[in-house]
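Residue-level structure breakdown
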Amino acid sequence: MNTLKKYLGIVWIILAMAISYYFIGIFGSKLTSGKQDDLVFGIIIFFILLPLIVTGLTIFGWYALTDEYED
Amino acid sequence: MSEKTTKGIWKVITASSLGTMIEWYDFYIFGSLAVVLSTKFFPTDNPTAAFLSTLATFAAGFVVRPFGALFFGRLGDLIGRKYTFMVTLLIMGGATFLIGCIPSYQTIGYLAPLLVLLLRLLQGLALGGEYGGAATYVAEHAPKNQKGYWTSWIQITATAGLFLSLLVILLTKGLLSKEAFEEWGWRVPFWISIFMVIISYVIRKNMDESPAFAKAKTEGKTSLNPLKESFNNRLNLKFILLALFGATMGQGVVWYTGQFYAMSFMKTVQNIDSSQVDTLLVIALLLGTPFFVLFGWLSDKIGRKAIMMTGLLLAVFLYRPIYREMYLLTDAKTMKESGNSLVSEGCKVIDSPVASILTESDKADPSIKNSKVFIVTKTDSLFSSGAIFHYTKTDTLFLDKALAFDLNKNAKKEVWLKYDAKNSNGDVIHNSVKLKNSLKAGDTPAGVDTIHCGSLRQFADAKTIHKSHEFGKSKIGNVILTKNITSNVKWYLVFLVFIQVLFVTMVYGPIAAFLVEMFPVKIRYTSMSLPYHVGNGIFGGLLPAISTYFVTTAKNVGNPEFYLEGLWYPIGIAAVCFIIGMIYIDRKINTLHD
């Protein structure tokens, strides 16, 4: 289990990057649509949700890789 | 546990739960009354006011909550749980009461939406500080092997707050006339809050500080800098991340899907009448609520992880079948294709410009007046002026007061729906509504499609149609009408929502105990509040907006299952959370700090 925990760390880091790529592709238009509702929604996605997921999952993945979650 | 101890802990539960429930109530009435509030404070024709409205919804609901968790969490770990969650209660109650007192936009202009936004921000901050305090306070009073059971009473409060808000609104609407409610009655649910807050404050004031915190304070073991110790400490930060990605993130999306997305789906995708949705949601919540305690209790016996992960897994696999079933329940086309014999009941294919649905014998049938279902199928060239009106449509109409309706076109090539209906005195009234601005040869007017998802009950109420335009529910040329569902459909929907509430109770019931047990006393309030409010407030709170975006995009590209696309967000988050939780959460994780 400890080996699985460790190497899954790579998956979480890759997932963080994939999510950021996907979010930019999907929600990028929200920032440039010119509508105020879209702008607020876009700002929240790009400046709050996305950084949370990306930095959080990356740190989590790094901790897993460095055996912080070892039994 | 001795009788004295049990009595003592019930006192703790009452003091904590009542206040937390009131805070959730305060938080939800804003959302539940959003439509009325928008007309009073955020007129859509004014871009600045509309912008403030969006900020009030997003910023206060989701973004500010984690800041409240940090601010009040720190206070709670420095000066104590009791005083901190008394402060959050007063802030929340005061802000809610004041929202009910603000003059409308028409009276004081921009100051009105600005004040609402400020008060809403205060509500978000207070909510961010409240939950962690209440959960910690109860858990620190509870015996070690019963924390799941006792904290589950706190877990009920979020759903109970939503339930109470819907109930108070339904009661206020029921007691007042429609005009009175829209004029001033919407303020009543806000005002009521202050009485509940005062009672709760008095109860909380007479309580003692949590024994674990009091002991730590006496021994000088409290933290001097809870924020630094929580987030700048690798050992603690890894548990905060684990709590977020292995538990609260999934809990947040399951919670919002089972309650708010279900409500929004029924109202906007299925187009079911709003009051009917509120009623069936209240029933489902009421039936589901005891399961918070059941799963909290069970988590003391078999472990928190097993129950929370089962809830997540069920949600991942069952959301799509459940929502497909919900959608098909009110989809007339499927009803016809499934062999339902409703087609023959009231349909009359005609070839004149007047599309009369009912025969004379139908009109004489008294049973028609009570939501009888009709399927209308018609392919015809309606207009003699040369425009060809291809009209093939099959759907359900729920008949109440209307006697007949006509589709007609005037010299300006406008398509109108004309209808006769009975008013409350039984008099027949004639009315009409425009469907599409212009029509040319070969057109299939898109606006007409929406009629067939409609209810004739709505046609009978000219004000409803007018309001639907006013609130932006319909676009120009489109009349979006709502369905009135039959009793059988209603109870089946209650069941389907109840199943989702069960998932909520599985992931949410044990989570307070799970979070409390993860962190040491001296930084518990701070450390557990943040992952909870990030998971619940941000991952969960953004669900309606993100899911609606997916649904709209899928609909625009013609995906036949567009209505299920919004579920990919909660399913994806819950699936990742399940994998992380299963692999990384140790059943004995709570022994690390204590």
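**Let's talk about the overall build of chain A**
Scanning chain A for helices and strands turns up two helices and zero strands. Over its C-alpha atoms chain A spans a radius of gyration of 16 Å, topping by over 25% the 11 Å that the globule rule assigns to 71 residues. Overall, chain A is about 50 × 15 × 15 Å in size when its C-alpha atoms are taken along their principal axes. Expressed as a percentage of its 71 residues, the buried residues of chain A come to 23%.

**What about the confidence of the model for chain B?**
Residues and elements named next belong to chain B. For chain B, mean pLDDT is 73; residues scoring 70 or higher make up 68% of the total. Mean pLDDT in chain B bottoms out at helix α17 (residues 343-346), which sits at 24, and peaks at helix α27 (residues 568-584), which reaches 96. In this model, residues 419-424 is a region of pLDDT below 50 whose contacts with residues beyond four sequence positions or in other chains number 22 contacts. Low confidence marks residues 435-482, where pLDDT is under 50. Its contacts with residues over four positions away, or in another chain, come to 94 contacts. Confidence estimates for the predicted assembly give a pTM of 0.76 and an ipTM of 0.94.

**Regarding the packing of helix α13 (residues 274-288) of chain B against helix α22 (residues 487-508) of chain B**
All names here are of chain B. Closest axis-to-axis distance for the α13/α22 pair is 8 Å, and the angle between their directions is 45°. It follows that α13 is oblique to α22 by the angle criterion. As α13 packs across α22, the resulting crossing turns out to be right-handed. Here α13 contributes Q276, L280, L281, I283, A284, L285, L287 and G288 to the contact with α22, which in turn contributes K490, L493, V494, V497, F498, V501, L502 and T505.

**Observations concerning the nonpolar core**
For soluble globular proteins, nonpolar side chains are generally found buried alongside one another. Residue and element names in this part refer to chain B. Counting residues in each nonpolar core, the largest one holds 156 residues, and the members touching the most others are V138, L312, L515 and C577. The greatest single-element share of this core, amounting to 19 residues, is contributed by helix α12 (residues 234-269). With sequence-adjacent residues up to four places away left out, L515 is seen in contact with A135, A243, M528 and Y532.

**Focus: the environment of A216 of chain B**
As for its position among the elements, A216 of chain B is in helix α10 (residues 211-218). With 306 residues separating them along the chain, A216 of chain B and K522 of chain B place their C-alpha atoms 7.3 Å apart.

**Description of α12 of chain B**
Residue and element names in this part refer to chain B. Helix length check: α12 (36 residues) gives 46 Å between terminal C-alpha atoms against 52 Å at 1.5 Å per residue, more than 12% under. Of all bends in α12, the biggest is about 45°, found at T257. Most of α12 is tucked away, with 27 of its 36 residues classed as buried.

**Let's talk about the packing of helix α7 (residues 147-175) of chain B against helix α14 (residues 290-302) of chain B**
All names here are of chain B. In contact at an axis separation of 7 Å, α7 and α14 are set at 155° when each is read in the N-to-C sense. Judged on the interaxial angle alone, α14 and α7 are roughly antiparallel. Both α7 and α14 take part in a crossing whose hand is right-handed. Contacts between α7 and α14 involve G148, Y149, T151, S152, W153, Q155 and I156 from the former and F292, V293, F295, G296, W297, S299 and D300 from the latter. Of the residues contributing to the contact of α7 with α14, the split by class is seven nonpolar, six polar and one charged.

**A closer look at helix α1 (residues 2-32) of chain A**
Residue and element names in this part refer to chain A. In this model α1 runs 45 Å from its N-terminal to its C-terminal C-alpha over 31 residues, within 8% of the 45 Å that 1.5 Å per residue would give. The axis of α1 is deflected most strongly, by about 45°, at I26. Of the residues making up α1, those classed as buried are L8, G9, W12 and A16. Positive backbone phi, approximately 90°, marks G34, located one or two places after α1.

**A closer look at unusual backbone geometry**
Leaving glycine out, the prevailing phi sign among residues is negative, and the prevailing peptide bond configuration is trans. Here D67 of chain A, not a glycine, exhibits a phi torsion of approximately 65°, which is positive. Summarising the element assignment, D67 of chain A is placed in the segment after α2 (36-65).

**Things to note about the environment of V138 of chain B**
All names here are of chain B. Residue position: V138 is located in helix α6 (residues 111-141). Separated by 16 residues in sequence, V138 and I154 have C-alpha atoms that sit 8.0 Å apart. Those residues within four positions of V138 in sequence are excluded, and the remaining contacts are V12, I13, S16, W150, T151 and I154.

The rules behind the values
- Residues numbered from 1 in each chain as written.
- Chains lettered and ligands numbered in written order.
- Predicted model: local features only at pLDDT ≥ 70, side-chain atom pairs only at ≥ 80, totals over all residues.
- Helix = DSSP H or I, 4+ residues; strand = E, 2+ residues; numbered from the N terminus.
- Rg over C-alpha atoms; globule rule 2.2 N^0.38 Å.
- Buried ≥ 20, exposed ≤ 12 C-beta atoms within 10 Å, placed from the backbone.
- pLDDT = per-residue confidence, 0-100.
- Contact = placed C-beta atoms within 7 Å.
- Axes fitted to C-alpha atoms, helices over the stretch in contact; angles between N-to-C directions.
- Parallel < 35°, antiparallel > 145°, perpendicular 65-115°, else oblique.
- Left-handed = near helix turned anticlockwise from the far one by under 90°.
- Core = buried A, V, L, I, M, F, W, Y, C linked by C-beta atoms within 7 Å.
- Expected span 1.5 Å × (residues − 1).
- Bend = angle between axes of the 7 residues up to and from the residue.
- Nonpolar A, V, L, I, M, F, W, Y, C, P; charged D, E, K, R; others polar.

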